[in-house]
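Residue strings, one per chain:
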Amino acid sequence: MEEQLKYATENNATHIFVCGHFPWFLKHEDEADDELVSYSAAPPGWGPPGSRFEDGYFTIPLAQRKPVMELFKKYNVTACFSGHFHQNVVTETTWGMPMIVTGPLSMNLESEISHELSRGEVNGIGMQIVDVGEMGEFTHKWILLDDEESLFERALGCYSN
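Residues numbered from 1 in each chain as written. Predicted model: local features only at pLDDT ≥ 70, side-chain atom pairs only at ≥ 80, totals over all residues. Heavy atoms only, no water.

A. Spatial organisation of the overall build of the protein. From N to C terminus, the protein includes four helices and nine strands. Reading the secondary structure of the protein in the N-to-C direction produces α-β-β-β-α-β-β-β-β-α-β-β-α. Principal axes of the C-alpha set define a box for the protein whose edges measure 55 × 35 × 30 Å. Surface accessibility of the protein: about 9500 Å² in total, with carbon and sulfur atoms responsible for 54%. Within the protein, one finds 10 positive and 25 negative side-chain charges whose respective centroids are separated by 5 Å. (Helix = DSSP H or I, 4+ residues; strand = E, 2+ residues; numbered from the N terminus. Areas by Shrake-Rupley, 256 points an atom, 1.4 Å probe, with all protein chains shown as cover. Lys, Arg positive; Asp, Glu negative; His and termini not counted. Charge placed at Lys NZ, Arg CZ, Asp CG, Glu CD.)

Take a look at the structure:
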């Protein structure tokens, strides 16, 4: 990874975006593995009623995250994008690098602290639109694609006999 970040920097990249499946963090880059004590409720059909997931399950462990965050800071990464959490999260590092966790094209989860994590972005089935501007500038917006209930019921219908 460092080789690629170094290459981008040495070749005067106007933006360095890192995209991956797992979020590096949900609140801040130094969050301990056991710091998130909240849960995300599973949608209907994902296990027995009341099923839920620990929010900390979704992030990259601190031991693996810490050296990578140092690289991102060193090479001035513009932003990180990820998924896996099945809901929108907008946060940033102490040095100002955005960590944008995008919601799903499938079923949503909803954390007990989703209002805090989303920073006002709506959750739902959709996609993230990123508009890349001048040197280091960009904007992003979550776009809902359809009525979530309708999509969920259509998805379940394709599995019925």
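What follows picks up the thread again.
B. Spatial organisation of the sheet that holds strand 3 (residues 52-54). Read from one edge to the other, the open sheet built from three strands follows the order 3-2-7, with strand pairing classed as antiparallel. At either margin of the open sheet sits one strand with a lone partner, and together these are strand 3 and strand 7 (110-111). Alignment of strand 2 (residues 39-41) against strand 7, held across two bridges, turns out to be antiparallel. Within the sheet, the bridge partner assigned to serine 40 lies in strand 7 and is serine 111. (Pairing = 2+ DSSP bridges.)

C. Focus on the pairing of strand 9 (residues 138-144). Looking at chain direction, strand 8 (residues 126-132) and strand 9 are connected through seven bridges and run antiparallel. The partner of methionine 127 across the bridge, within strand 9, is isoleucine 143. Between strand 8 and strand 9, which follow one another and run antiparallel, lie five residues, and glycine 136 among them has a positive phi close to 75°.

D. Seen up close, the sheet that holds strand 4 (residues 79-82). One open sheet accounts for four strands, arranged 1-4-6-5; its pairing is mixed. Every interior strand has two partners, whereas the edge strands, strand 1 (17-19) and strand 5 (89-92), have only one. For this sheet the average axis-to-axis angle between neighbouring strands, irrespective of direction, equals 15°. Direction of pairing for strand 1 relative to strand 4: parallel, over a ladder of three bridges. If you follow phenylalanine 17 over to strand 4, its bridge partner there is alanine 79. (Axes fitted to C-alpha atoms, helices over the stretch in contact; angles between N-to-C directions.)

E. Structural view of the pattern of salt bridges. Taken as a whole and judged by the stated rule, the model has six salt bridges. Residue lysine 66 pairs with aspartate 30 through a salt bridge whose shortest N-O separation is 3.3 Å. Separated by 36 residues along the polypeptide, lysine 66 in helix 2 (residues 62-74) and aspartate 30 in the loop between strand 1 and strand 2 bring together distant segments of the chain. (Salt bridge = Lys/Arg side-chain N within 4 Å of Asp/Glu carboxyl O.)

F. Representation of the packing of aromatic side chains. Overall, the coordinates contain eight aromatic pairs when judged by the stated rule. Between the aromatic rings of tryptophan 46 and phenylalanine 53, the centroid separation amounts to 6.3 Å while the plane-to-plane angle is 80°, which identifies the pairing as edge-to-face. Taking relative accessible area as the criterion, tryptophan 46 reaches 30% and is therefore assigned partly exposed. Measuring from centroid to centroid gives 5.0 Å for phenylalanine 58 and phenylalanine 85, while their planes differ by 75°, and the two rings are edge-to-face. One end of the pair, phenylalanine 58, is in the loop between strand 3 and helix 2; the other, phenylalanine 85, is in the loop between strand 4 and strand 5, with 27 residues separating them in the sequence. A residue is classified by how much of its surface remains accessible, and phenylalanine 85, at 0% relative accessible area, is buried. An aromatic cluster of three or more residues is present, and its members are Trp46, Phe53, Tyr57, Phe58 and Phe85. In this structure, arginine 52 packs its charged tip against the face of tyrosine 39, placed 3.6 Å from the ring centre. (Phe/Tyr/Trp six-rings, centres within 6.5 Å; stacked < 30°, edge-to-face > 60°. Buried < 20%, exposed > 50% of the residue type's maximum accessible area, 1.4 Å probe, protein only. Lys NZ or Arg CZ within 6 Å of the ring centre and 35° of its normal.)

G. Looking closely at the pairing of strand 5. Here strand 5 runs beside strand 6 (residues 98-101); their pairing, made up of four bridges, is antiparallel. Paired with valine 89 across the bridge in strand 6 is valine 101. Linking strand 5 back to strand 6 in an antiparallel pair, the connection comprises five residues, with glycine 96 at a positive phi of about 95°.

Any functional reading would require information beyond the geometric quantities listed.
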